[in-house]
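Survey of secondary and tertiary structure
Chain by chain, the residues run as shown.
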Amino acid sequence: MKSFALALGGGGARGIAHIAVIEALDDLGLKPTAVAGTSIGSLIGAAYAAGMSGKEIRRYVVALAHDRSAMLRRALAARAGTFASVFKQGLGSATVLDAEKLCAQFLPAAVPDDFGALKLPLIVMASDVHRRVQVPISSGPLKPALAASIALPTLVRPVVIDERILIDGGATNPLPFDQLRGRADVIIAVDISGEPSDVRRDIPSPWECLLTTVLVMGNAITSEKLKHGAPDLMIRPKVGSFRSLDFLQASAILRAAEPAKAEIRHKLAELLAR
């Protein structure tokens, strides 16, 4: 049987759908040779690469989402500033989140501190804000790399690694299947950016507008990449109706992603057997 590698894209709360994909792989008794992830895809990918099963990740995420007060406490604990900083730096400083604190608050305990302790090779995508290039990270301290991958500008403070100022990987590589070429016979990519809507007429909130703008740019990047070489299997769970910040809707997102399991079981088995 051929080998395969797995790319998990960015897209905010919609990335919870990645869990259904991992569950389908578990059902088949298959493991990838490597995982690459961007933003939320890097967090789910890290839990998977650490040895957690899809069901274990599901239980962890759903338990978090169903405890709204705990979610709020964790988010408040991840603030980059204090309310005292409002008087020094302006109103925005108290609401910006610290990416490393976010990881400390929300990552499962199974996720280790270093790439070397993972059970599967993992590539985490970030973006160098000054050099304007993608930064794939696959060795060294893991949690700062994950923090950089989710550091969405204006909402989450950038992360400094090796004197490079890093932000969300979605700015340069929202679906990093290209990073897996040469690592397996078959490459699977999971795009959770969501399908466009012709019927919505509501005006998004400022945060939702920012996140949606990032997705629009990400779709343009992915579309251009696909012209130069597509993955062997592209999975697109039907989660476009969910907003990027709908983390409390974890159970509903997982239900919406459930049909993708049958697609993976059928198409992946066929690809690996060729």
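Scroll up for the structure.
Not measured: the values here are computed from a predicted model. (Residues numbered from 1 in each chain as written. Predicted model: local features only at pLDDT ≥ 70, side-chain atom pairs only at ≥ 80, totals over all residues. Heavy atoms only, no water.)

**Some points on the packing of helix 6 (residues 99-106) against helix 7 (residues 142-149)**
- Where helix 6 meets helix 7, the closest approach of the two axes is 8 Å, and the angle between their N-to-C directions is 110 degrees. Classed by the angle they form, the pair helix 6 and helix 7 counts as roughly perpendicular. Crossing geometry of helix 6 relative to helix 7 is assigned as right-handed. Along the contact surface, helix 6 presents Ala99, Glu100 and Cys103, while helix 7 presents Lys143, Pro144, Leu146 and Ala147.
- Class assignment of the residues belonging to the contact of helix 6 with helix 7 gives a composition of five nonpolar, no polar and two charged. (Axes fitted to C-alpha atoms, helices over the stretch in contact; angles between N-to-C directions. Helix = DSSP H or I, 4+ residues; strand = E, 2+ residues; numbered from the N terminus. Parallel < 35°, antiparallel > 145°, perpendicular 65-115°, else oblique. Left-handed = near helix turned anticlockwise from the far one by under 90°. Contact = heavy atoms within 4.5 Å. Nonpolar A, V, L, I, M, F, W, Y, C, P; charged D, E, K, R; others polar.)

**Notes on the pattern of salt bridges**
- According to the stated counting rule, one finds 14 salt bridges in the structure shown.
- With its nearest N and O atoms 3.1 Å apart, the salt bridge here joins Lys143 to Asp113. Taken together, the positions of Lys143 in helix 7 and Asp113 in the loop between helix 6 and strand 4 (122-128) put the pair 30 residues apart, joining distant regions of the chain.
- With a shortest N-O distance of 2.7 Å, Arg164 and Asp128 are connected by a salt bridge. Linking Arg164 in strand 8 (residues 164-168) with Asp128 in strand 4, this pair joins segments that are 36 residues apart in sequence.
- Overall, Arg164 belongs to the partly exposed group, its relative accessible area being 26%.
- The exposure class of Asp128 is buried, given its relative accessible area of 2%. (Salt bridge = Lys/Arg side-chain N within 4 Å of Asp/Glu carboxyl O. Buried < 20%, exposed > 50% of the residue type's maximum accessible area, 1.4 Å probe, protein only.)

**Examining the layout of surface pockets**
- Each pocket or cavity is described by its volume, and for the largest pocket that value is around 1400 Å³.
- What lines the largest pocket is a set of 48 residues, and nearest its centre among them are Ile40, Leu102, Ser244, Leu245 and Phe247.
- Here the lining of the largest pocket gets seven residues from one element, more than from any other, and that element is helix 8 (residues 206-227).
- Across the lining of the largest pocket, the residue classes break down as 33 nonpolar, eleven polar and four charged.
- When its volume is computed, the second largest pocket comes out at roughly 420 Å³.
- Along the wall of the second largest pocket there are 18 residues; nearest its centre are Arg14, Glu195, Pro196, Ser197 and Thr212. (1 Å grid on protein atoms, 1.4 Å probe; cavity = no way out; pocket = protein on both sides within 12 Å on 5 of 7 lines; lining within 4 Å. Points joined across faces, edges and corners; volume = space filled by probe spheres on them.)

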